[in-house]
Amino acid sequence: MKNVRLFADRLAQGLADAVPDNGQLATARDDLATLARLYGESVELRAVVKSPTVPAEAKSKAIVAVARKLGLSEITQKFLAVLAQGEQLALIPEVSAAMGRVLDRRLGVYPALVTTAVPLDETIRKRLVASLEKMTGGTIRLQERVGPQLVGGVVPAVRGTVLGGRLWSRLD
């Protein structure tokens, strides 16, 4: 699974390198998310994409036709055609998630998971986000989790890196 994520990250980064405009890249991210949802819901689409008997050219035409019908951008349509030619369409959900991560990095958005003993109230949440934003120099997208294993306090992780316990003392 780790190799799939790395490959999806490379595909997403390749698209990002070809699309310097953040607005167009955000559109491509949204397009891929739409297509990933459809891919998850449609047995027929998955069957065509995964079929070894359907030639890559036919898959390319089919996925571009679906993209057009959904109103997806020209950039996304071209990217999907490239994925089809490389027999990589089955990676649409992973590439969609990777595109979100790539765009976040470009925009300086840091995903942060905060595990606490009890749910945070709004005041503490705002102070925590402000402190994390000051530490990272970027924007924090906070995800909260209550961990029954904790007796008290907070365990913040930004981009998967657990930060030291002294963070709480820096909130003032």
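Scope of this entry: the structure provided in the associated data block. (Residues numbered from 1 in each chain as written. Predicted model: local features only at pLDDT ≥ 70, side-chain atom pairs only at ≥ 80, totals over all residues. Heavy atoms only, no water.)

Hydrogen bonds along the backbone pair up the strands of a sheet, which may run parallel or antiparallel. The 4 strands lie next to each other as β2-β1-β3-β4, forming an open sheet whose pairing is mixed. Strands with a single pairing partner mark the edges of an open sheet, and in this sheet they are β2 (139-146) and β4 (161-162). With 5 bridges joining them, strand β1 (residues 109-116) and strand β3 (residues 154-158) adopt antiparallel strand pairing. The partner of Thr-116 across the bridge, within β3, is Val-154. (Pairing = 2+ DSSP bridges. Helix = DSSP H or I, 4+ residues; strand = E, 2+ residues; numbered from the N terminus.)

Moving on, we come to the nonpolar core. As a rule of thumb, nonpolar side chains are buried together in soluble globular proteins. Ranked by internal contacts, the top residues of the largest apolar core, which has 32 residues, are Ile-63, Leu-80 and Leu-89. Contributing elements (two or more residues each) for this core: α1 (2-18), α2 (22-41), α3 (43-50), α4 (56-70), α5 (74-85) and α6 (92-107). A per-element tally of this core places α2 first, with 7 residues. Residue contacts for Leu-80: discarding those within four places in its chain leaves Leu-32, Leu-35, Ile-63, Ala-67, Leu-89 and Ile-92. (Core = buried A, V, L, I, M, F, W, Y, C linked by side-chain atoms within 4.5 Å. Buried < 20%, exposed > 50% of the residue type's maximum accessible area, 1.4 Å probe, protein only. Contact = heavy atoms within 4.5 Å.)

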